[in-house]
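# Structural characterization, general
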Amino acid sequence: MTEFYRSYLAVAVLILAAIGMVGFMLGLGRLIRPVRAQEQKYIPYEAGSDPTGTFGQSNVRYYVFALLFVIFDVEAVFIFPWAVNLESLGWFGLVEMTIFVVVLTLGLVYAWRKGVLRWA
Amino acid sequence: MIPILGADPLFRDGIDGTVVLIVIVKTIIVFTVLLVAVMFYVWFMRKVIADMQNRIGPQRAGPFGVLQTLADGIKLFFKEQSSPECADPPVFRLAPYLAIIPAFMAFAIVPIGGLVPVAGRQTYLQLADPGVGVLWLLMMSGIGLYGVMLAGWASGSKYPLLGSVRASAQLLSYEAALGLAVVGVLVHSGSLSTRTIVDQQAWTGIGSIVSQWYWLPAIGAFVIFCISAIAETNHPPFDLVEAEQELVGGFHTEYTGIRFAIFFLAEFMNVITMSAIAVTLFLGGPAGPALGFLAADSWVNVWVMPVFWFTVKLLVLLYATVWIRATLPRLRYDQLMALGWKYLIELAFLWAMISGVVVVGAREGWNRWVTVPAAVAGAGIVLAVLWACLPRRGEPVEEIR
């Protein structure tokens, strides 16, 4: 096991501790809380009136924003290693990343012109 | 070992019983401190907002009402749990875990103090320094998003669903800006490790506040980071996820008792973690003057002073979040999305490129007084071109349906 993996020991301990802690809280709650089942308690909340229909609808724009986000998330894969190694990449790396960012921004401008970012 | 990873010397000579024990003790301490900090922060927030609004605020439980949060927590333990009949039970139960475990985990990379000797070993006052460093924060806030999203979806109810869809779009948008703001520091530090970033901002006298700490060379990134961090933690004025007037409680409308408490715990824990990360990246973390009249290796200067300076900086940022919460009204949803996509992301990109030019210029030995204005001018031209490409106000755009 190299030093790289050894430093994840703390992370592993932390994950176990976090799961244990939440499990403990929920388990303790289960032991001490009352259970008095009543049918009306399990009706989905709808501002006091009886629920109508099933799930609501949501705006399709949320979906488009999620798609746009994917672009910027993939960009992060390139820009983080670039930022960390910028000193050694130097001038060449800078020009390359500028071209990449410009292309990416063109995509955003296209989406903007198509009215994707307009909410109302 | 690659030096940029800056790993903890505790793990240098392999793992034995002492090392495991130290790690476990550190984990327990960080857990306790984090929980107590949340308790204190909620009290602090309520007290400060009460002062700003000429009220008294909590005062009954414990001295000055300090134990109010604890009392609320204990009360929630005794409350009945219900899950709506349309809910998806396994996911409904899983969601609180997904919300709070990343909140705990994200704090692990925060350097609270310096190098300390424990039981004959040297270790950092920091839980973990994994190779991915500050990306750990982005990973954890990405997983935390699933907690919010699944909680709303699994409730099988309309308000939570709307709340969680809103939450996902908001968190996604600001995560992009948050990541790009971090890039503004990474180009200067050349390392992802929070420990290395903090070491580069070491205290060398009062001048190091401007010469060493990254808030000044990365001032644009600092501002963008703070705005996106507030949005990322659903803190007012960006708390549209749980806008009471529109969505009742947002994604946790159907949660009761201790599960509800867990969502709140996670939310406030995220505020503390984000402030701590801002301190780490921009304000030098535990860097600060040591007590000169004591020896440099006395226990006060090794253990206490770094933690003290870290806490002071953290409290300043936490006070700022409370101040913002008490001052600014909530944004409208379209304003929120416009701020994220039309301004923060573009500005963060420009800032990353300007810092890139500055860093490369310093390495190549170009004149700083020429490269910086040239970079800013270049950014200005890009902005002007961008502006010219955009639809004018009132100009009809092709609608998507």
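To keep things clear, this report deals only with the structure shown in the data block.

The rules we used
Residues numbered from 1 in each chain as written. Chains lettered and ligands numbered in written order. Predicted model: local features only at pLDDT ≥ 70, side-chain atom pairs only at ≥ 80, totals over all residues. Heavy atoms only, no water. Helix = DSSP H or I, 4+ residues; strand = E, 2+ residues; numbered from the N terminus. Rg over C-alpha atoms; globule rule 2.2 N^0.38 Å. Buried < 20%, exposed > 50% of the residue type's maximum accessible area, 1.4 Å probe, protein only. Contact = heavy atoms within 4.5 Å. Areas by Shrake-Rupley, 256 points an atom, 1.4 Å probe, with all protein chains shown as cover. Lys, Arg positive; Asp, Glu negative; His and termini not counted. Charge placed at Lys NZ, Arg CZ, Asp CG, Glu CD. Polar contact = N/O pair within 3.5 Å; in protein donor to acceptor, adjacent residues only side chain to side chain. 1 Å grid on protein atoms, 1.4 Å probe; cavity = no way out; pocket = protein on both sides within 12 Å on 5 of 7 lines; lining within 4 Å. Points joined across faces, edges and corners; volume = space filled by probe spheres on them. Nonpolar A, V, L, I, M, F, W, Y, C, P; charged D, E, K, R; others polar. Core = buried A, V, L, I, M, F, W, Y, C linked by side-chain atoms within 4.5 Å. Pairing = 2+ DSSP bridges. Buried area = accessible area lost by both parts, 1.4 Å probe. Salt bridge = Lys/Arg side-chain N within 4 Å of Asp/Glu carboxyl O. Patch = residues over 30% accessible without salt bridge, like charges linked within 9 Å, V, L, I, M, F, W, Y side chains within 5 Å. Expected span 1.5 Å × (residues − 1). Axes fitted to C-alpha atoms, helices over the stretch in contact; angles between N-to-C directions. Parallel < 35°, antiparallel > 145°, perpendicular 65-115°, else oblique. Left-handed = near helix turned anticlockwise from the far one by under 90°. Phe/Tyr/Trp six-rings, centres within 6.5 Å; stacked < 30°, edge-to-face > 60°.

## Some details on the overall build of chain B
Broken down by element type, chain B carries 13 helices and two strands. Relative to a compact globule of 401 residues, whose C-alpha radius of gyration would be 21 Å, chain B shows 23 Å and is just as compact. With the principal axes as the frame, chain B shows a C-alpha extent of 65 × 60 × 45 Å. Every one of the 401 residues in chain B was classed for burial, and the buried ones make up 56%. Within chain B, counting contacts between residues at least 6 apart in sequence, those at least 24 apart form 76% of the total. Element-wise, carbon and sulfur atoms account for 69% of the exposed surface of chain B, whose accessible area totals about 16800 Å². Both charge centroids of chain B, one from 24 positive and one from 25 negative side chains, sit 5 Å from each other.

## Digging into the side chain of Gln201(B)
All names here are of chain B. Tracing the backbone through its elements, the reader meets Gln201 in the loop between helix H6 (194–200) and helix H7 (208–211). Exposure remark for Gln201: the relative accessible area of 0% places this residue in the buried category. Among the polar contacts listed, one links the side chain of Gln201 to the backbone oxygen of Leu281, at a separation of 3.4 Å. Once residues lying within four places of it in the same chain are set aside, the contact partners of Gln201 are Gln212, Trp213, Tyr214, Thr280, Leu281, Phe282, Leu283, Gly284 and Ala287.

## Considering the layout of surface pockets
In this structure, the largest pocket spans a volume of roughly 980 Å³. Those elements that place two or more of their residues in the lining of the largest pocket are helix H2 (9–32) of chain A together with helix H1 (17–52), helix H2 (68–77) and helix H10 (257–282) of chain B. Top element by residues in the lining of the largest pocket is H2(B). It accounts for eight residues. Taken together, the residues of the lining of the largest pocket sort by class into 22 nonpolar, five polar and eight charged.

## Things to note about the nonpolar core
Trp82(A), Tyr41(B), Leu186(B), Phe225(B), Leu281(B), Phe282(B) and Trp341(B) are the most contacted members of the largest nonpolar core, which has 147 residues in total. Every residue in contact with Phe225(B), bar those within four places of it in the chain, is listed here: Leu137(B), Leu178(B), Ala181(B), Val182(B), Met274(B), Ile277(B), Ala278(B), Leu281(B) and Phe282(B).

## Overview of the pairing of strand S2 (residues 121–124) of chain B
Residues and elements named next belong to chain B. Bridge analysis of strand S1 (residues 115–118) against S2 gives four bridges, and the strand direction is antiparallel. Paired with Val118 across the two strands is Arg121, which belongs to S2. Two successive antiparallel strands, S1 and S2, enclose a turn made up of two residues, where Ala119 displays a positive phi of approximately 50 degrees.

## Notes on the interface of chain A and chain B
On the chain B side, the residues contacting the 78 residues of chain A number 98 residues. When chain A packs against chain B, close to 8100 Å² is buried across both sides, 75% of that on carbon and sulfur atoms. At the boundary of chain A and chain B, one finds zero salt bridges. For the pair chain A and chain B, the number of links is two residue pairs in polar contact (both at pLDDT 80 or more). For the side of chain A that touches chain B, the secondary structure elements donating two or more residues are helix H1 (3–6), H2, helix H3 (61–84) and helix H4 (86–113) of chain A. Considering each element in turn, the side of chain A that touches chain B owes the most residues, 17 residues, to H2(A).

## A short note on empty space enclosed by the protein
Here the idea is plain: a probe the size of a water molecule rolls over the atoms and shows the empty space left. All names here are of chain B. Inspection of the entire model under this criterion finds one cavity of 30 Å³ or more. When its volume is computed, the largest cavity comes out at roughly 310 Å³. Of all the elements in the fold, those that place two or more residues in the lining of the largest cavity are helix H3 (89–106), helix H4 (135–154) and H10. Across the lining of the largest cavity, the residue classes tally to 13 nonpolar, six polar and two charged.

## Comments concerning a nonpolar patch on the surface
The grouping of Phe24(A), Leu28(A), Leu31(A), Ile32(A), Leu67(B), Leu70(B), Ile74(B) and Phe78(B) at the surface amounts to a nonpolar patch, some 760 Å² of accessible area in total. For the nonpolar patch, the elements supplying multiple residues, two or more each, are H2 of chain A together with H2 of chain B. The greatest single-element share of the nonpolar patch, amounting to four residues, is contributed by H2(A). With respect to the helices, strands and loops of the structure, Ile74(B) is situated in helix H2. With relative accessibility at 43%, the residue Ile74(B) sits in the partly exposed group.

## Notes on H4(B)
Compared with the 28 Å implied by 1.5 Å per residue over 20 residues, the 29 Å span of H4(B) between its first and last C-alpha is a close match. A positive phi of about 60 degrees marks Gly156(B), the residue just after H4(B).

## Focus: the environment of Val103(A)
Residues and elements named next belong to chain A. You can see Val103 is positioned in helix H4. Judged by relative accessible area, which is 53%, Val103 ranks as exposed. Separated by 35 residues in sequence, Val103 and Leu68 place their C-alpha atoms 14 Å apart.

## A few points about the packing of H2(A) against H1(B)
With their axes 10 Å apart at the nearest point, H2(A) and H1(B) run at an angle of 45 degrees to one another. Comparing their axes, H1(B) and H2(A) come out oblique. The two elements H2(A) and H1(B) meet at a crossing, and its hand is right-handed. Residues Leu9(A), Ala10(A), Val13(A), Leu14(A), Ala17(A), Ala18(A) and Met21(A) of H2(A) form the contact with H1(B), whose own contacting residues are Val19(B), Val20(B), Val23(B), Ile24(B), Thr27(B), Phe31(B) and Leu35(B).

## Focus: the packing of aromatic side chains
Residues and elements named next belong to chain B. In total, this model carries 20 aromatic pairs over all chains according to the counting rule given. Between the aromatic rings of Phe308 and Trp309, the centroid separation amounts to 5.1 Å while the plane-to-plane angle is 65 degrees, which identifies the pairing as edge-to-face. Classification of Trp309 by relative accessible area gives partly exposed; the value is 23%. Seen from their ring centres, Tyr319 and Trp323 are 6.0 Å apart, and the 45 degrees between their planes marks the pair as tilted.

Note that every value here comes from positions in space, so none of it alone points to a role or purpose.
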